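As a plain string of letters, each chain reads:
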Amino acid sequence: MKKIIAFAAIVLMSLSAFAQSGKSIYTRYSDEKGVEAVYISPNMFKLIGKIPDVNTGNGDVNLAPIIRNLSGFYLLSTSSPRVISDLSQDVQKLIKAGKYELMMEAKDDGETVRIYTENKGDDIVSLVFFSSEPDEVSFICVDGLIKQEELNILIDKSTR
Amino acid sequence: MKSIREIEDLGMEDLGRIAADTSIQVPADLEEDLRKTVAALSLAEEERETRRSVAPSWVRPLAAAASLGLLVAAGAAILNTPEELQDTYSDPAVAYAMLEESFGKISSKMSQGIAKAQEAGYEAREITNQALGL
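Note that this is a predicted model, so its numbers are computed, not measured.

Comments concerning the overall build of chain B
Here is step 1 of the chain: Across its full length, chain B carries 5 helices and 0 strands.
Here is step 2 of the chain: Ordered by position from the N terminus, the helices and strands of chain B form the series α-α-α-α-α.
Here is step 3 of the chain: Looking at the 134 residues of chain B, the share that counts as buried comes to 15%.

Next up, the structure:
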């Protein structure tokens, strides 16, 4: 009986290899046909921070305070029906497996937008944006450390 | 009556003397009792051995399934190890433009949601005021 319990414990621990993350979802679908994929690495974020005029930009939005502490940006967008179904299921698994909380859900003209965040204290360590329409889905996952007040400023400026 | 320790300490001469002493009466059914006791002890020992060696019928298949599952999980973990990802853009300015567009989309949707919530709040307040005659 002890051996059985030990086996079961080892199997359960090894199942963590299947743990979902934004990176694993991106890796799974980035090479699929009909999928637009964008990945930005921590090194690229550092290079972005060195661009002289990144603080001014074209609009009112200053992303410099936010991107300074990011560790990964993953974007997937597709109109392929097969990928839409699989990607939607994987995103659900990611949300259930992690410590994400639903921040906002909005439905409008057939489009459903859900924004999830994983928080550490008052800061956001991971943000998942998932927009689904009947014939298209978009998945954005941003990992890193986003200060809540910086995100609030970003939203506030977009409102104007 | 002697204790077991005293009996164990008896020598061969003592045992011989006791056996030859005809005044000691042996209970008539002693031999039967001893036979039953020895049989009961051996049955108890056999049952203990049986419980130890024979597991329930479902244990072996479960152990086999758990072992197989462990092998499959280990293989999948090795095969599915994510490769090191490559940046989509080599130009930081282009990467920043994509970030700007994406965050703009996220914040736009969030602000739309907030606006709808505020609108619903105003309507709820209006309805409440009307109901209360304010």
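Now that the structure is up, let's keep going.
With respect to the packing of helix 2 (residues 22-29) of chain A against helix 5 (residues 81-97) of chain A
All names here are of chain A.
Here is step 1 of the chain: One way to put it is that helix 2 packs onto helix 5 with a least axis distance of 10 Å and a crossing angle of 165°. By the angle between their axes, helix 2 is roughly antiparallel relative to helix 5. Relative to helix 5, helix 2 is oriented so that their crossing is right-handed. Taken together, the residues of helix 5 that come into contact with helix 2 (itself represented by G22, I25, R28 and Y29) are V83, D86, L87, D90, V91 and L94.
Here is step 2 of the chain: Of the residues belonging to the contact of helix 2 with helix 5, the class tally is 6 nonpolar, 1 polar and 3 charged.

Re the packing of helix 3 (residues 42-49) of chain A against helix 5 (residues 92-132) of chain B
Here is step 1 of the chain: Interaxial distance between helix 3 of chain A and helix 5 of chain B falls to 9 Å at its minimum, and their mutual angle equals 100°. Put simply, helix 3 of chain A runs roughly perpendicular to helix 5 of chain B. On helix 5 of chain B, the residues touching M44, F45, L47 and I48 of chain A of helix 3 of chain A are P92, A95, Y96 and L99 of chain B.

Looking at helix 2 of chain A
Here is step 1 of the chain: Regarding helix 2 of chain A, the residues found buried are G22, S24, I25, Y26 and Y29 of chain A.
Here is step 2 of the chain: On its buried face, helix 2 of chain A is in contact with strand 1 (35-40), strand 2 (70-78), helix 5 and strand 6 (136-146) of chain A.

Digging into a negative patch on the surface
Here is step 1 of the chain: Residues E36, E133, D135 and E136 of chain A together with E101 of chain B make up a contiguous surface patch of negative charge.
Here is step 2 of the chain: With respect to the helices, strands and loops of the structure, E101 of chain B is situated in helix 5.
Here is step 3 of the chain: Look at E101 of chain B and you get exposed, because its relative accessible area is 58%.

With respect to the nonpolar core
Here is step 1 of the chain: Counting residues in each nonpolar core, the largest one holds 29 residues, and the members touching the most others are I40, F45, I48, I67, F73 and I115 of chain A together with L99 of chain B.
Here is step 2 of the chain: Considering every element that reaches this core, the biggest residue donor is helix 5 of chain B, with 7 residues.
Here is step 3 of the chain: Among residues more than four places away in sequence, those in contact with I115 of chain A are E101, L102, M103, M104, L127, V128 and F129 of chain A together with I106 and M110 of chain B.
Here is step 4 of the chain: Counting residues in hydrophobic clusters, the runner-up holds 22 residues, among them V35, Y39 and L76 of chain A together with L85 of chain B.

Considering the sheet that holds strand 4 (residues 111-120) of chain A
Residues and elements named next belong to chain A.
Here is step 1 of the chain: Ordered by their spatial adjacency, 6 strands build an open sheet running 1-2-6-5-4-3, and the pairing between neighbours is antiparallel. Single-partner strands in this sheet number two, and they are strand 1 and strand 3 (101-108). Neighbour-to-neighbour, the strand axes of the sheet open up by a mean angle of 10°, direction not taken into account.
Here is step 2 of the chain: As defined by bridge partners, strand 1 adjoins strand 2 across 6 bridges and the pair is classed as antiparallel. By the bridge assignment for strand 2, V35 is matched with T78.

With respect to unusual backbone geometry
Only a minority of non-glycine residues have a phi that is not negative, and only a minority of peptide bonds are not trans.
All names here are of chain A.
Here is step 1 of the chain: With phi around 50°, D109 is a residue other than glycine that occupies positive phi space.
Here is step 2 of the chain: Looking at the secondary structure, you find D109 in the loop between strand 3 and strand 4.
Here is step 3 of the chain: Classification of D109 as exposed rests on a relative accessible area of 76%.

Rules used throughout
Residues numbered from 1 in each chain as written. Chains lettered and ligands numbered in written order. Predicted model: local features only at pLDDT ≥ 70, side-chain atom pairs only at ≥ 80, totals over all residues. Heavy atoms only, no water. Helix = DSSP H or I, 4+ residues; strand = E, 2+ residues; numbered from the N terminus. Buried < 20%, exposed > 50% of the residue type's maximum accessible area, 1.4 Å probe, protein only. Axes fitted to C-alpha atoms, helices over the stretch in contact; angles between N-to-C directions. Parallel < 35°, antiparallel > 145°, perpendicular 65-115°, else oblique. Left-handed = near helix turned anticlockwise from the far one by under 90°. Contact = heavy atoms within 4.5 Å. Nonpolar A, V, L, I, M, F, W, Y, C, P; charged D, E, K, R; others polar. Patch = residues over 30% accessible without salt bridge, like charges linked within 9 Å, V, L, I, M, F, W, Y side chains within 5 Å. Areas by Shrake-Rupley, 256 points an atom, 1.4 Å probe, with all protein chains shown as cover. Salt bridge = Lys/Arg side-chain N within 4 Å of Asp/Glu carboxyl O. Lys, Arg positive; Asp, Glu negative; His and termini not counted. Charge placed at Lys NZ, Arg CZ, Asp CG, Glu CD. Core = buried A, V, L, I, M, F, W, Y, C linked by side-chain atoms within 4.5 Å. Pairing = 2+ DSSP bridges.

By themselves, these are just geometric observations and shouldn't be taken as functional.
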